[in-house]
Amino acid sequence: MKKIEAIIRPDKLEAIVERLSELGYPGLTYTEVHGHGRQKGMKELFRGREYDIKFIPKVKIEIVVNDSKVEDIIDTIVNIASTGQIGDGKIFITKIEDAIRVRTKERGEGAI
Amino acid sequence: MNLLDTMWVLIAGLLVFFMNAGFAFVESGFVRTKNVVNVLAKNFIVFALSTFAFWTIGYSVMFYGGFSAIFYSAVNSLVGPENHKISEMAFFFFQLAFAGTAATIVSGAVAERIKFMAYIVFSLLLVAVIYPIVGYFLWGPGPLSRASFGFIDFAGSTVVHSIGGWEALAGVIVLGPRLGKYSGGKINAIPGHSIPLATLGTFILWLGWFGFNPGSELAFDEAVPLIAMNTNLAAIAAMLSATAVSWVKFKKPDYSLMMNGLLAGLVAITAGCYDVTPVGAFLIGLMAGVLLIFGVGFFDRIGIDDPVGATSVHLLNGVFGTLMVGFFSATDGMKGLFYGGGTAQIVKQLTGIGFTALVVFPASLIIWLIIRMILGVRVSEKEEIEGLDVGEMGTEAYNS
């Protein structure tokens, strides 16, 4: 089992979820997050003064899947989330030790 | 009593009253989420304080030159010229709405750090004492009025807006800037929490001004449409010039300054709305919008931290608009420089402006300093960081 954590532009969320559901995936959680990468935020203007927006709003998607599905899902996310501009986001993959379905107490891959 | 005139003055007074909502939204939109309830509460309580202060003392001082009409006693039943006599109660309400406006101007400039009680005490003293004394000289039976001296301030660029502006300036000086405004060796922007609220407030003020200026005719006669026309032309000219100048200066049209620009034009035309031509109004508005942009930058640079721009909108443009009547007045016998009247009217305008400045600024400074000594004017650093909503009011604006 792997967890895919993808930090993406908020406006890409809908298209990614739509494409993923066509592919079939077990489940998904998203969170509204704020952060910055190497571009270090951006500038805005208020009453004639520029100020730094240090943390830019992003969406983080978390999906836990069987190892076999990881590459497909990554491809899908990368294809849709990429604009070629700074700020497209990042994807992180981690190993998951175990999973538990709360309702049935099932464990392991069957639980996801 | 002329019923039509009385009704018009009452309706205009209601429009001016509704400007309280305009100020509430503009100011709360321009502050941070953590101070919204405090700003709203100041704008909410100020009309109550104004009514009490004006009813008990203010009205009597302003229009009877003493204490003979305190508590609205021993007044006449009608005021105004023959054929246009209106109910004095309608006149009282209209004037009260103006006094309330002068008071509510202050709250935005001192926002995000002033103690609620300090603001309450100041507002009471303002409407009971300072506003009526200046009003007596310039608008009441006093010696500097239009009738006795020839000073033109038709609807209150000086009497309402510059008074509010001088008081705000004194308040900001006594209070000092918000934490973080000048930290890190630079001047920092502190963005407001709701541009939509500020927009709604600006529209309400724009609407209210069609009561403020045309209502000041105190009759529903042939001058009213011209005043409405002039009011709108100056407003839009100032909004457009503020948009253009901010666009060139900051590379983007700065929307909060576009809104301030509109208000700057409205303030500037308030003195001359009866006496200038529509072209004059448009030109005054154009200059007002430019003045606004440079005013906001100027006050920022000299350490006057005014979150909503009240000093640039109401003080600078109140003074400027009043002065411009000396150039643009087209009224017979009171013609401005551009209409062949020489400099006589300019001198009269400067007299009214100077008198107001010399009375209001020192008096406000003294009152603010006394309040600071007795009650304190500024909340604690901890409270300012956590927000005045929790610290002063015990409640927040947005709960889930």
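Above this text sits the structure in question.
Residues numbered from 1 in each chain as written. Chains lettered and ligands numbered in written order. Predicted model: local features only at pLDDT ≥ 70, side-chain atom pairs only at ≥ 80, totals over all residues. Heavy atoms only, no water.

Notes on the overall build of chain A
Secondary structure summary: chain A contains two helices and six strands in total. The N-to-C order of helical and strand elements in chain A reads β-α-β-β-β-β-α-β. With respect to the principal axes defined by its C-alpha atoms, chain A has extents near 60 × 25 × 20 Å. Taking all 112 residues of chain A together, the buried fraction comes to 30%. For chain A, restricting intrachain contacts to residue pairs at least 6 apart in sequence, the fraction spanning at least 24 positions comes to 71%. With the model as given, the accessible surface of chain A reaches about 7,300 Å², and the carbon-plus-sulfur share is 49%. (Helix = DSSP H or I, 4+ residues; strand = E, 2+ residues; numbered from the N terminus. Buried < 20%, exposed > 50% of the residue type's maximum accessible area, 1.4 Å probe, protein only. Contact = heavy atoms within 4.5 Å. Areas by Shrake-Rupley, 256 points an atom, 1.4 Å probe, with all protein chains shown as cover.)

Topic: a nonpolar patch on the surface
Residue and element names in this part refer to chain B. A contiguous nonpolar surface patch, about 640 Å² in accessible area, is contributed by Met 117, Ile 366, Ile 370, Met 373, Ile 374 and Leu 375. With four residues, helix α11 (residues 344-374) is the largest single contributor of residues to the nonpolar patch. Its place among the elements puts Met 373 in helix α11. Overall, Met 373 belongs to the exposed group, its relative accessible area being 69%. (Patch = residues over 30% accessible without salt bridge, like charges linked within 9 Å, V, L, I, M, F, W, Y side chains within 5 Å. Salt bridge = Lys/Arg side-chain N within 4 Å of Asp/Glu carboxyl O.)

Re the interface of chain A and chain B
How big an interface is tends to be stated in terms of accessible area lost as the parts join. On the chain B side, the residues contacting the six residues of chain A number 21 residues. Counting each side, the surface lost to burial between chain A and chain B is near 1,100 Å², with a carbon and sulfur contribution of 58%. Counting the surface chain A buries against chain B, the share from its top three residues, A:Phe46, A:Arg47 and A:Arg49, is 70%. At the surface where chain A touches chain B, the tally comes to one salt bridge. In this structure, A:Arg49 and B:Asp300 form a salt bridge, with 2.7 Å as the shortest nitrogen-oxygen distance. The tally of links from chain A across to chain B stands at six residue pairs in polar contact (both at pLDDT 80 or more). Put simply, the parts of the chain that give the side of chain A that touches chain B at least two residues each are β3 (42-46) and β4 (49-53) of chain A. Residues that form the side of chain A that touches chain B fall into these classes: three nonpolar, one polar and two charged. (Buried area = accessible area lost by both parts, 1.4 Å probe. Polar contact = N/O pair within 3.5 Å; in protein donor to acceptor, adjacent residues only side chain to side chain. Nonpolar A, V, L, I, M, F, W, Y, C, P; charged D, E, K, R; others polar.)

Considerations on the packing of aromatic side chains
Aromatic ring pairs are reported here in terms of the distance separating the ring centres and the angle at which the planes meet. Considering all chains together, one arrives at 27 aromatic pairs over all chains under this definition. Taken together, the aromatic side chains of B:Phe54, B:Tyr59, B:Phe63, B:Tyr64, B:Tyr72, B:Phe91, B:Phe92 and B:Tyr131 make up a single cluster linked through ring pairs. If you follow A:Arg47 out to its NZ or CZ, it ends over the ring of B:Phe30, 5.2 Å from the centre. The ring of B:Tyr119 has B:Lys42 sitting right over it, with the charged end atom 5.3 Å from the ring centre. (Phe/Tyr/Trp six-rings, centres within 6.5 Å; stacked < 30°, edge-to-face > 60°. Lys NZ or Arg CZ within 6 Å of the ring centre and 35° of its normal.)

Here we look at unusual backbone geometry
A negative phi angle is the norm for most residues apart from glycine, just as the trans form is the norm for most peptide bonds. All names here are of chain B. For Ala 74, which is not glycine, the phi torsion reads 50 degrees and is therefore positive. Along the polypeptide, Ala 74 turns up in the loop between α2 (36-64) and β1 (78-79). Ala 74 gets classed as exposed once you look at its relative accessible area, which sits at 64%. The backbone of Asn 83 shows a phi angle near 75 degrees, a positive value even though the residue is not glycine. Residue placement: Asn 83 occurs in the loop between β1 and β2 (86-87).

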